[in-house]
Amino acid sequence: MSKNKSSESVKVVVRCRPLNRKEESNGPAGGIVQMDLRLGQVILRNPRAPASDPQKTFTFDAVYDASSKQRDLYDESVRPLIDSVLAGFNGTIFAYGQTGTGKTYTMQGAWMDPEKRGVIPNAFDHIFTHISRSQSDKQYLVRASYLEIYLEEVRDLLDPKHGSARALELRESPESGVYVRDLTSCVCKSIKEIEEVMNMGNQARAVGATDMNEHSSRSHALFLITVECSQPGPDGRKHIRVGRLNLVDLAGSERQAKTGVQGERLKEAAKINLSLSALGNVISALADGRSSHVPYRDSKLTRLLQDSLGGNAKTVMVATLGPSSLHYDETLTTLRYANRAKNIQNQPRVNEDPKDALLREFQMEIARLRAQLNHRKWRSKQKKEQVDGEAWERDEDEESEGEEEEEEVVEKDAEEYVKLEEQRLEMEKEAIKGDQFMLAEEKQRLLGEKERMMGDLRKEQEATAQLTAKYKAMESKLLVGGKNIIDHTNEQQKMLEMKRQEIAEQSRNEREIQQQMLVQDDETLELRETFTSLQQEVEAKTKKLKKYLKLYAKLQCIKAEIKDVNDEHVRSRQELEQTQNELTRELKFKYLIIENFIPPEEKNKIMNRLTFDPEEDQWKFQPLVPAERKSSQMKKRPTSAVGYKRPISQYARVAIAMGAHSRYRAENIMFLELDMTPPNTATLEAEPNQSHSLDNSPNKDRGVRKSRSWCQTPKSLTSSSSNVSLAACHTATPMAAQ
Ligand code: ADP
Ligand code: MG
């Protein structure tokens with residue numbers, strides 16, 4: 001599977017949007033971000049610091065200022081990545097930045113305006129144009145999925161029941177890494193279809209959220225495109241390469257105020273930031289290079305982007321900034337974050353012939369349908385020839401030659417056969433109807449038979465039509481290179497695009513060289529230290545002094561940076577502590593309720609049923625009946641009730657066996673000796689009638705007696721302990737039954 005094991009770092013580009021109207025009206029203090037496009041540097045001015053303070057400078061792979069075009073960013077920074085995806089690599093582009101800095105603008109842009117189309121629509125164009133221009137021996141299958149992560153739940157944006165659907169689970173397989181189970185995936189045959197998929201998802205996102213702005217700044221949206229390409233290799237077999245592209249529009253990176261909220265709101269606030277802070281931790285751990293543990297499992301987002309960060313993928317991060325002085329802190333945080341991400345090393349490789357390639361399944365299914373269809377047609381043709389009276393002999397040598405042509409002939413023959421058959425049956429029917437010598441009964445029977453034959457013929461025809469439709473639908477999903485999917489593939493346009501790519505490539509190289517020169521400048525200074533005259537020496541020393549001054553300024557910058565980072569750590573630690581305090585308080589409150597209001601045995605029952613699901617990162621209740629045994633257990637009758645209406649005691653069973661009165665056979669009663677005790681005299685005297693009736697009661701001689709607990713027997717003779725009674729029951733059974 002692996003082809004190219006070399007590692008490469010995450011490409012980081014920074015983009016700054018123009019000042020908006022509100023910010024412009026704030027006065028000339030305006031922008032705090034300066035960009036050196038040639039060097040790929042961002043220079044940030046602190047609006048609160050004195051002008052003499054050194055400005056902060058960050059260097060990236062590329063920077064795009066307020067006047068940058070969508071197309072420039074795409075051609076320079078995204079196009080090479082999409083080309084890699086088309087060659088079978090995994091690729092990820094994610095936009096990171098504060099809300100309102102242009103993440104969605106960069107990723108999606110304004111669809112209607114070709115100048116303002118963002119990375120995603122441009123990628124659609126790119127992918128389908130590439131397919132239409134590739135060689136005709138290549139087959140492609142393009143699929144798209146769209147999901148969002150909101151409050152740490154993964155939701156399918158292409159599911160029609162998006163709003164009410166339950167959250168999806170993440171799974172991991174050695175073949176395709178981390179994936180989302182049951183995620184909808186749409187096969188797309190054209191730009192139009194994939195755009196529809198995108199719009200459908202965007203609508204679901206907008207409908208699901210009451211306040212779109214609020215929602216979009218709290219949820220991460222992932223648009224996934226899988227491009228599978230099959231091409232015959234040198235060994236003659238078809239090889240499949242699978243490129244997966246993740247286009248990620250992250251939630252706003254601004255710090256969410258966590259303090260002062262409680263209960264559900266606190267949990268929510270903690271979750272909103274969870275994925276982003278986990279992303280930060282993952283980036284730090286990877287950039288650091290020393291930590292052995294990378295906390296991918298801390299959040300859904302980091303698990304999904306596991307391959308894109310430090311794994312098998314090529315990754316581009318677009319950090320977006322606003323130029324306003326109001327957001328200096330956030331802008332600085334974004335730049336630091338982006339700066340750290342530059343150090344992440346990925347190990348991209350071509351995904352060749354993975355087991356789960358859908359394209360292979362499609363190819364196999366198409367071949368199967370084709371064989372079925374051919375078989376049907378040949379059968380019809382054969383029948384036709386038999387009808388025509390020709391001996392059907394197929395020349396084996398002709399089979400491979402002109403297969404296409406022959407197929408057409410077969411298809412025509414099959415159609416003709418159906419037509420002829422119909423005509424023949426119709427004629428036969430007419431003949432039967434017109435036959436005056438035939439008995440009415442016989443006529444009816446023959447007509448019925450012909451009707452049935454016609455019905456069969458039609459059914460057959462319908463089945464063939466259905467099969468053909470299915471085959472065509474399947475086949476149309478596979479895109480074949482060289483076919484004109486897009487009509488703008490004329491030569492001029494091709495040339496123009498190539499030129500644009502060349503220019504983009506050149507400016508990229510130029511920037512790289514400039515950056516290298518900057519580094520080398522400092523080093524070469526020392527080498528030129530041989531001087532012949534005093535004048536030269538003075539010059540050299542002045543230069544050296546300048547260099548030291550430069551170094552000193554750098555040192556000051558770094559010192560300030562360290563102080564900033566420290567301050568930030570202190571701030572975030574304080575926030576974490578506060579959150580921890582609030583959560584502890586909440587926990588104590590819950591404990592208090594449990595200790596005081598829930599009986600310990602109930603609590604234990606609940607505790608025993610709880611298990612931790614590491615996949616979901618949640619505590620879950622075990623079902624009362626284990627899932628696999630559920631069906632069998634629920635259906636089975638209790639052993640004590642086999643053969644009886646309801647569970648009955650051993651005693652009753654013996655009673656039945658001994659053939660006692662049927663009325664008491666199934667009763668679960670205890671034999672109590674106490675019933676034999678004669679009533680006391682006082683009662684007898686007081687109620688002579690009752691005693692008489694008791695003596696004559698029909699129960700008297702029954703083997704099974706009801707306990708007369710209502711009878712007030714003297715205390716000395718009473719035995720109310722059920723243990724004794726039960727024991728007595730067993731020993732007394734044979735006797736009582738006699
Ligand atoms: P985010 O997704 O980061 O919250 P948006 O993409 O919604 O931000 O951008 C906020 C506003 O700024 C939008 O109205 C958008 O049109 C505008 N905008 C962002 N970036 C640019 C840019 N580079 N050029 C022009 N307008 C931009
Ligand atoms: Mg947005």
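Quick caveat, the model's predicted, so the values are computed rather than measured.

About the cut-offs
- Residues numbered from 1 in each chain as written.
- Chains lettered and ligands numbered in written order.
- Predicted model: local features only at pLDDT ≥ 70, side-chain atom pairs only at ≥ 80, totals over all residues.
- Heavy atoms only, no water.
- Helix = DSSP H or I, 4+ residues; strand = E, 2+ residues; numbered from the N terminus.
- Buried < 20%, exposed > 50% of the residue type's maximum accessible area, 1.4 Å probe, protein only.
- Contact = heavy atoms within 4.5 Å.
- Areas by Shrake-Rupley, 256 points an atom, 1.4 Å probe, with all protein chains shown as cover.
- Core = buried A, V, L, I, M, F, W, Y, C linked by side-chain atoms within 4.5 Å.
- Pairing = 2+ DSSP bridges.
- Axes fitted to C-alpha atoms, helices over the stretch in contact; angles between N-to-C directions.
- Patch = residues over 30% accessible without salt bridge, like charges linked within 9 Å, V, L, I, M, F, W, Y side chains within 5 Å.
- Salt bridge = Lys/Arg side-chain N within 4 Å of Asp/Glu carboxyl O.
- Parallel < 35°, antiparallel > 145°, perpendicular 65-115°, else oblique.
- Left-handed = near helix turned anticlockwise from the far one by under 90°.
- Nonpolar A, V, L, I, M, F, W, Y, C, P; charged D, E, K, R; others polar.
- Expected span 1.5 Å × (residues − 1).
- Near = heavy atom within 4 Å.
- Polar contact = N/O pair within 3.5 Å; in protein donor to acceptor, adjacent residues only side chain to side chain.

Notes on the overall build of the chain
Move 1: Check the secondary structure of the chain and you find 20 helices and 19 strands.
Move 2: Counting the 738 residues in the chain, one finds 37% classified as buried.
Move 3: Of all intrachain contacts in the chain linking residues separated by at least 6 positions in sequence, the fraction that spans at least 24 positions is 72%.
Move 4: Just so you have it, the chain exposes about 44,700 Å², and 52% of that area is on carbon and sulfur atoms.

Here's the deal with the nonpolar core
Move 1: Formed by 49 residues in total, the largest nonpolar core has its most connected members in Val14, Val42, Phe60, Leu147 and Leu279.
Move 2: Setting aside residues no more than four positions away along its own chain, Val14 makes contact with Met35, Val42, Phe60, Ala62, Val63, Tyr64, Ala319, Leu321 and Leu335.
Move 3: Counting residues in each nonpolar core, the second largest holds 43 residues, with Ala95, Trp111, Ala221 and Cys229 among its members.

Topic: the pairing of strand β14 (residues 238-249)
Move 1: Taken across its 12 residues, β14 has 10 buried, putting it largely inside the fold.
Move 2: Examined bridge by bridge, strand β7 (residues 91-97) and β14 share 5 bridges and lie parallel to one another. Along β14, the bridge assignment pairs Phe94 with Val248.
Move 3: Pairing analysis gives 12 bridges linking strand β13 (residues 220-232) to β14, with the strands arranged antiparallel. In the strand pairing of β14, Val227 is matched with Gly243.

Things to note about the sheet that holds strand β4 (residues 41-44)
Move 1: Sheet architecture is open: 3 strands sit in the order β3-β4-β5, paired in antiparallel fashion. What marks the edges here is a single partner per strand, and that holds for β3 (33-36) and β5 (56-59). Averaged over all neighbouring strand pairs, the angle between strand axes comes to 20°, with direction disregarded.
Move 2: Bridge count between β4 and β5: 4 bridges; the pairing is antiparallel. By the bridge assignment, Ile43 is partnered in β5 with Thr57.
Move 3: On the sheet, helix α9 (residues 328-341) packs against β3, β4 and β5 and is oriented at approximately 35° with respect to β5.

Thoughts on unusual backbone geometry
Apart from glycine, the bulk of residues carry a negative phi angle, and the bulk of peptide bonds sit in the trans form.
Move 1: For Leu151, which is not glycine, the phi dihedral falls at a positive 50°.
Move 2: Tracing the backbone shows Leu151 in the loop between β8 (139-150) and β9 (153-156).
Move 3: Among the residues examined, Leu151 registers a relative accessible area of 23% and is labelled partly exposed.

Structural notes on a nonpolar patch on the surface
Move 1: Together, Phe589, Ile593, Phe597 and Ile598 make up an exposed nonpolar region whose accessible area comes to about 410 Å².
Move 2: For Phe597, the position within the fold is in helix α14 (residues 534-597).

What about the packing of helix α2 (residues 70-86) against helix α4 (residues 119-133)?
Move 1: Running from N to C, α2 and α4 cross one another at 50°; their axes reach a closest spacing of 10 Å. As judged from the angle between their axes, α2 and α4 are oblique. In this structure, the crossing between α2 and α4 has a hand that is right-handed. The segment α2 lies against α4, with Arg71, Leu73, Tyr74, Val78, Arg79, Ile82, Asp83 and Leu86 engaging Val119, Asn122, Ala123, His126, Ile127 and His130.
Move 2: Grouping the amino acids of the contact of α2 with α4 by side-chain chemistry returns 8 nonpolar, 3 polar and 3 charged.

Observations concerning helix α12 (residues 440-477)
Move 1: In a regular helix each residue adds 1.5 Å, so 38 residues correspond to 56 Å; α12 covers 55 Å between its end C-alpha atoms and thus fits that length.
Move 2: Where α12 is concerned, the buried positions are Leu446, Leu447, Lys450, Met454, Leu457, Thr464, Leu467, Thr468, Tyr471 and Met474.

Focus: the site of ligand 1
Move 1: Near ligand 1 you find Arg15, Arg17, Pro18, Gln98, Thr99, Gly100, Thr101, Gly102, Lys103, Thr104 and Tyr105, and these make up its full shell.
Move 2: A distance of 3.4 Å separates an oxygen atom of ligand 1 from a polar atom in the backbone of Thr101.
Move 3: In the model, an oxygen atom of ligand 1 is placed 2.6 Å from a nitrogen or oxygen of the Thr104 side chain.
Move 4: Counting residues per element, the shell around ligand 1 draws most heavily on helix α3 (residues 103-107), at 3 residues.
Move 5: In terms of residue class, the shell around ligand 1 is built from 2 nonpolar, 6 polar and 3 charged.

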